[in-house]
Structures are given as C-alpha cells and as structure tokens.
Amino acid sequence: MNLISFFSNNPEALITVLVLFLSLILFVRNTIAPELTGLLCVGIFIVTGVLTPEKALAGFGSPSLITLMGLFAVSSALFKSGALDRVRELISSENIKTPRKLITLITFLIAPISGIVPNTPVVASLLPLIEGWCERRNISPSKVLLPLSFATLLGGTLTLLGSSVNLLVSDISQQLGYGSLELFSLTSIGIPVWLIGTTYMILVSDVLLPDRGRNKDFIKNGNMNIYFTEVTIPSSSELVGQSVRNSRLQRRFDVDVLELQRNGKVILPPLADRKFEPEDRLIVRVTRADLLRLQQEHTILLAENKKSFVSTNFLSAEEGTKTFEALLPSGSTLAGASLRELRFRQRHNATVLALRRGQQTVQERLGQAVLRAGDVLLLQAPLDSIRGLQASNDLLILDQFEDDLPVLIRKPIAIAIAIGMVLLPSLTNIPLVGAVLLAVIAMVAFGCLRPAEIQRSIRLDIILLLGSLSSFSVAMEDTGLADQIAINLDFVLNGMPLYFALMVIFVATVLLTQFISNAASVALILPVAIQFSTYLPNGFLDISPSALIMLVLFGASQSFLTPMGYQTNLMVYGPGRYRFFDIAKYGTALTLIMSLTVPALIILNFK
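Attention here is on the structure that accompanies the text. (Residues numbered from 1 in each chain as written. Predicted model: local features only at pLDDT ≥ 70, side-chain atom pairs only at ≥ 80, totals over all residues. Heavy atoms only, no water.)

Here we look at helix α18 (residues 432-445)
Taking 1.5 Å as the rise per residue, α18 with 14 residues should run 20 Å; its terminal C-alpha atoms sit 20 Å apart, in good agreement. Taken together, the buried positions of α18 are occupied by L432, A435, V436, A439, V440, A442 and M443. Projected down its long axis, α18 shows its buried positions confined to an angular sector of 165°, all on one face. In α18, the exposed residues that point more than 90 degrees away from the buried face are L438, I441 and A445. For α18, the secondary structure elements touched by its buried residues are α5 (63-80), α17 (411-427) and α19 (451-457). A positive backbone phi angle near 80° is found at G447, which sits one or two residues after α18. (Helix = DSSP H or I, 4+ residues; strand = E, 2+ residues; numbered from the N terminus. Expected span 1.5 Å × (residues − 1). Buried < 20%, exposed > 50% of the residue type's maximum accessible area, 1.4 Å probe, protein only. Arc of directions from axis to C-beta. Contact = heavy atoms within 4.5 Å.)

Put into structure tokens, the structure is as follows:
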C-alpha cells in the first residue's frame, strides 16, 4: 500500500519505473543496440518531464566521458606504436613451455596493462600470438585463452582508467553528490582482488580448463582457424569429373565436404565416391588459408560471389581490398538474422567469405545461416568499408592493418607519454581529464598518432551508452525512487550483519551483470545500494556511501559465468572452441571467492 500511495503522488517515479523495465527488456533481448536503448530512455525522461534536458544530458559532457574519449586515442597510439612488442616477445619465449607458465605470465603481465588501457584491444592483439604458441607446442587453445580474458577483467579494477564502467561509476557518484573517484581509488581493493584471482587461475587451470584441441575435425595441418562456407564448382574447375576422395580438395587441401547440393537436391555424406559436376554447391569445412588459395586458383567459387566473379576479383591487391576477421559481440543487431535477410554485402560493401562458430558445425548455406553472438566472419572489403565497420558496434574487427601503423621508432615516446599521463594527476593538482587530454595532444605532436586516427579510435557506441546511462541513476535519485526501493527492501537486509548484507548486494550486482551490460547494471543498482548507508535517510548499513559505490563497481566487473558476460569472453570463446558451460565451470568458483572476498575488503578499507 505504501508503494501505491508513493506512485499515485509521484507520477514521475512511476514513469521512471516503466522506463527502467523497458530498458531491462531491451537490454536482455538485444532488440536494438544498447546505446539506442539508452538514448531512447533519455528521450522519454526529457519528453515526460522526469528530467530537465540539462540533467538528462549531463552525462555527455561529464569529465569522465571526456577522459574515456581521450583514453581511446592514447590506447590506439600505444598499440599502433608497438608498445606491446616486449610482452609479445615474452609470450613467444622458449622458456614458456607449459599452459601453467603461460597463464602465470598472462595474469601477472596482462592484468596490469589492462589497468591502464582498454582490455578489448589487448585481447585482440595477443589472441593470434597465443594461438600460434599453442599450435607450435601442440596444446589446446582452450587451456590458456579463458585466463587471458579473465586476467583483463581483473586488471580493469586496478585503476580508474582500467574500464569504461569505472569512469561511469565515477560520473554517477559525482552527479549524486558524493564526488568523483580518483585515479587510484580502486587500487587498494583491486590489487588483492587481482592477486587472489591470479592465484586461483594458476592453481586450477589444469583441472577446470577443458582440452578442446584434440578433435581432428578442428585441427587440420596445424591450423586451428576452421571456417564453414558454401562454394560452387564452376564449369572450368579441374574438380569437374573427379570424385571427392581423389580430388585435390582432399589430397592437397584436406577440405571436408559436409553436404552436396545438385539440381535442387541435397546429398548428404558419405560423399567420398561422388563425382563433382558443374554448378554443384558444396558446404565445406576449410581453413582460411586454403579457402583463399582455392579461390585464387578458380578451383571453387564462393556462392555469394557467383554472379560478379568474372568482372570482379575480390582478392585484387590493386583495388585495396583486405581479408580480415570480425567478431559479432554481445548486443550486435546483426545477431538473430541471416546474411541474406540483412543484405549484408549491399549494406556494408563487404563480402562474407566464411563463418566460424566455436566447436559447432554450421551445416547451412552461408546466406541462410542465422548469425549468433560470438560468431567470427571472414570478410573481404575495401579499406573505406573497413573503416565504416570499425566505427560500428555490430562487428569487432580482430585483424590489425599494417597501413595504419606508424614507424616503430615512436614506441619509446608513446610509452613515456602514457606513463606521464598516469603520474601527472598523482604528483600534481592537475585533474585526470587534463592529463589525458594533454597525452592525446602529445601523441599527435610527436607523431605517435595521426589527427584523423583520433576520431576513428573513439568507440561511439560506448560513449553514447555511458553518456545516456547516467540519466538512469539521476532519475531514480531525483524522483525518490531509489530511496523508496531501499525502504521496501528493508526486510531483506535489515538486521543482517554488515558483511552478509554487503555480500547480498554484491551477488545481486554480479547476477544482473551476466544478463545485461555491466554499465547498465551499475546505473540501475548503484542509486539503490547507496540508500542503504546510514549517512542517508532511512539507511541502516553502518558504512559510508563510498563503500557501497565501490562494492557495486567490483560486482559489475565479475563477468566470469557466461560468454555473453563480457566482450573479451566472446572473443576467446570461438578460438578456444569452448562450450557454453566451460566458462561457468572455470568461473563459478572464482565468482564465489570474490563474493566472499570483496565485501571483506570493502569493510577493511571503509569501516
């Protein structure tokens, strides 16, 4: 009855609840891109008068968001100048011979790097290198790739710069009147969390990480990048008249023919004695290198290119086309539709050559296969089209293009500028946003970054999402909704020992983070969690609001249970050939350990 009275006297709070429910549905179902969900909710808050335009849009001009934009540019300069070369050399060292040694190196080196630069490019840069290490030592990638993702997540809580979510929390904290976070506000808790997580990953890796690399269907000729695609046998192909068993597809390239389509009829295995005829369509399992070689020799024809193959050579270097891999991240609007329905080639001016989906066999025609989050597409496109794809949040480009790399002589300068960016706000009164902006200018002035590359380096989807999400917290605070929710949850936490109460809030944040983005979970939970402090009306937890802010921040960083929990989990999911519950098997105990550890660390630091 109290809630009914509250909403009848406070229509703005009712509207806020309806908007929050709408956002949750859209975030979970991925009906539209997350940043569009955020912008839609901001628009509703403004139109209905819940927030003034100034308050609703304040997040887009916040120092935290400007800091993040500058950080994207600084990180881009670091990667393009070869700042990770030394790390790559260490990984390739002959002294690193076992998965445990590699995991130890990854957790102690990569995590601190992720405390300063975004973890997505770190994983993208090291992924092929680690795959090569596994190939040379005949070790399954599934034994080492998941710790790479988890290490970057743990490292993201070492400093304020480690994650865009950290900056969002700082922004929300400032807007709610509790001040912004400092560069090393997280470090006293982040270091123990990192060391405990590192110890866990090293000790249990041999037992809990599966070995998915011994399956002969996925390892051919030492190459583990197996794709599925649809091809046509042209009339001029040397395969015409040859049986599948005796063709060069099997003898030289070891291509697996999964299905043959002839005159509208589907012929399933066994196909070894079937002879190829002109215009046969095949669904094949093939490596990236073999597919491109067969296409160059006109032995096969990609089915999607059939009509234009004669007049267009998609591998022509003179036309500036590139072959590259792209991942469908969680939340991509491409997921749930086929390439044909999306009219992918017409919309993006890019040709899909093949599809890779973890351990699963994709036994469908390429144009009809329904895309899923975590799929890796092998694409060909002109450089201009690649730039457009890089700016989109629907695909994550996994390859680096040499044309974008400045001379490596700038590497020491780029590293020195980044170190100065970190030290300047720590040793002087210069705010963090000022240090980051100075670092961006210095990167351009010393030739580590071209001016045109600044805009390309900024992830517009993340900027729009974070800028819009801060309005959620402000609306919940201004309408009194956050306080009212806390009062009605009094029966859950009131009378409970502080440690267990903090654990309940932490676990609730962790679970919500598995289903929606960690930024969205922070925006929804943080204003409510703060109300449980004794420093606010009706609060009953004997701890400061700053402690609860930190608790929610660390809870939102625990994406150790599902592949969709965080983008880097998806990035290693396919190359590691993991199954869905492999991540939960490895991450559940780590999540439980953090649920016990983080509340205790919060109490030690803030009580």
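Quick look at the packing of helix α23 (residues 498-513) against helix α27 (residues 580-606)
To describe two helices that pack against each other, one gives the angle between their axes and the distance between the axes. Two numbers describe how α23 lies on α27: the axes approach to 9 Å, and their chain directions differ by 130°. In terms of axis orientation, α23 runs oblique to α27. Two packed elements cross with a definite hand, and for α23 against α27 that hand is right-handed. Where α23 approaches α27, its residues L498, Y499, L502, M503, F506, V507 and V510 are matched on the opposing element by T591, M594, S595, L596, V598, P599, A600, I602 and I603. Residue composition of the contact of α23 with α27, grouped by class: 14 nonpolar, 2 polar and no charged. (Axes fitted to C-alpha atoms, helices over the stretch in contact; angles between N-to-C directions. Parallel < 35°, antiparallel > 145°, perpendicular 65-115°, else oblique. Left-handed = near helix turned anticlockwise from the far one by under 90°. Nonpolar A, V, L, I, M, F, W, Y, C, P; charged D, E, K, R; others polar.)

Quick notes on the environment of S170
Positionally, S170 belongs in helix α10 (residues 164-175). Considered as a pair, S170 and S62 are 108 residues apart in the sequence and their alpha carbons are 9.9 Å apart. Of note is the side chain of S170, whose polar atom sits 3.0 Å from the backbone nitrogen of L181. (Polar contact = N/O pair within 3.5 Å; in protein donor to acceptor, adjacent residues only side chain to side chain.)

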